[in-house]
Amino acid sequence: MVSAVFLSVIGVVAYAESQVASIFAGSAPDLIDSGWADCDTPITWSMDASRITAADARTARAQLTKDLSKWAEVSGLDFQFVGEVPVIYNDTTYVVTSEVHPSPRHIYIAFLRDQDSSLLDQRTVGFASPTRVWKDSKQIVEGSMVLGIEYVKRASAQQRSAVYLHELGHVLGLGHGTEPENVMYYLVDGNNTLSPGDVEGIRNLIKACKEQG
Ligand SMILES: [Zn+2]
């Protein structure tokens, strides 16, 4: 992975019930034209659930699995849960990383308290982005997703699903959609049904699988 670019400027934020614009656009030039590849081996994912209860972690894992399968169904990508992996959160880059690399293509998901991140508050309830992309093939190989515990606790199951789907869309490389029917619309409320625009968006991003040195 030595020639993978580490994207140091990340800022993809889901705003619940606010009019604040996304800071995704233009924040990471290396992401332009990048996407995950449709390979035979699945993209693995893990959770850091150390700040939530075991029961909440089970609920979250089940919901995230469902929401990932929605993206899988329309994109051809495959995802595999590999367990709980502790992560380190950097409040300057806003990404979670780990010394544990379960596979060459991995998504780290963490639940943080509002006090753990300067981005999280009443309105900003999650943020996510690709974090590693190959320079030559533009294949994304790592992603980071943070979810605010306070929101997850007060939201309905459908609202949680909407935020998970939205943030997963960012991890998969999508920016914001322009239509309220888009799961990727910058305001996230309870929409957990992928719209034609979301589907077209993700399909446009998928790369052919290439071996990387
Ligand atoms: Zn967003």
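Before reading further, recall that the structure is shown in the block above.
Criteria and cut-off values
- The residue numbering used here restarts from 1 in each chain and proceeds along that chain's sequence as written.
- Totals for whole chains, interfaces and linings use every residue, but because this is a predicted model, local features are given only for residues with pLDDT of at least 70 and side-chain atom pairs only at 80 or more, for both listing and counting.
- Excluded from the side-chain calculation are hydrogens and water; included are all heavy atoms of the structure.
- Metal-coordinating donors are taken as N, O and S atoms lying within 2.8 Å of the metal, or within 3.2 Å when the metal is Na, K or Ca; because water is left out, some sites can appear incomplete.
- Remark: exposure states derive from per-residue accessible area (1.4 Å probe, protein chains only) relative to the maximum for the residue type, with buried under 20%, exposed over 50%, and partly exposed in between.
- Two rings belonging to Phe, Tyr or Trp (six-membered ring only in the last case) form a pair when the distance between their centres is within 6.5 Å. Interplanar angles under 30 degrees mark stacking, angles over 60 mark edge-to-face geometry, and anything in between is tilted.
- To qualify as a helix, a DSSP run of H or I must reach at least 4 residues; to qualify as a strand, a run of E must reach at least 2; elements of each kind are numbered from the N terminus.
- Every axis in this analysis is a line fitted to C-alpha atoms, fitted for helices over the stretch in contact. Angles between the N-to-C directions lie between 0 and 180 degrees.
- Any angle that falls under 35 degrees is termed roughly parallel, while one over 145 is termed roughly antiparallel, one within 65 to 115 roughly perpendicular, and all others oblique.
- By convention, the crossing between two helices is left-handed when the near helix turns anticlockwise from the far helix through less than a right angle, and right-handed when the turn is clockwise.
- Here, two residues are considered to be in contact whenever any of their heavy atoms come within 4.5 Å of each other.
- For two strands to count as paired, DSSP must find a minimum of two bridges between them.
- For crossovers, right-handed means that the path from the first strand over the helix to the second runs clockwise, given strands pointing away from the viewer.

Draft legend 1. Structural context of the coordination of the zinc ion. At 2.0 to 2.1 Å from the zinc ion lie its protein donor atoms, namely H166 (NE2), H170 (NE2) and H176 (NE2). Written as a sequence motif, the donor residues of the zinc ion are H-x3-H-x5-H. Accessibility expressed as a relative area gives 24% for H176, which makes it partly exposed.

Draft legend 2. Expanded view of the packing of aromatic side chains. All told, the structure shown has five aromatic pairs when counted by the stated rule. Relative to F127, the ring of Y89 has its centre 6.1 Å away and its plane inclined at 50 degrees; by these criteria the two rings are tilted. Note that Y89 is positioned in strand β6 (residues 88–90) and F127 in strand β9 (residues 124–134), a separation of 38 residues in sequence. Like F127, Y89 is buried. Between Y185 and Y186, the aromatic rings sit 5.1 Å apart at their centres with planes inclined by 50 degrees, giving tilted as the arrangement. Ring pairs connect the aromatic residues Y89, Y94 and F127, which therefore count as one cluster.

Draft legend 3. Looking closely at the packing of helix α1 (residues 54–75) against helix α4 (residues 196–205). At a closest axis distance of 9 Å, the pairing of α1 and α4 adopts a crossing angle of 65 degrees. Taken together, the axes of α1 and α4 are roughly perpendicular relative to one another. In this structure, α1 meets α4 at a crossing whose hand is right-handed. Taken together, the residues of α4 that come into contact with α1 (itself represented by W71, V74 and S75) are D198, V199, I202 and R203.

Draft legend 4. Fine view of the pairing of strand β4 (residues 43–48). Judged by how many residues are buried, β4 sits mostly within the fold: six of six residues are covered. Neither face of β4 is exposed, since I43, W45 and M47 on one face and T44, S46 and D48 on the opposite face are all buried. Sheet topology note: the β4/strand β5 (residues 79–84) ladder contains four bridges and is parallel. The residue bridging M47 from the neighbouring strand is E84, located in β5. For the crossover from β4 across α1 to β5, the handedness is right-handed. Judged from the five bridges that link them, β4 and strand β8 (residues 106–112) form a sheet pairing that is parallel. From the neighbouring strand, D48 faces β8, where its bridge partner is A110.

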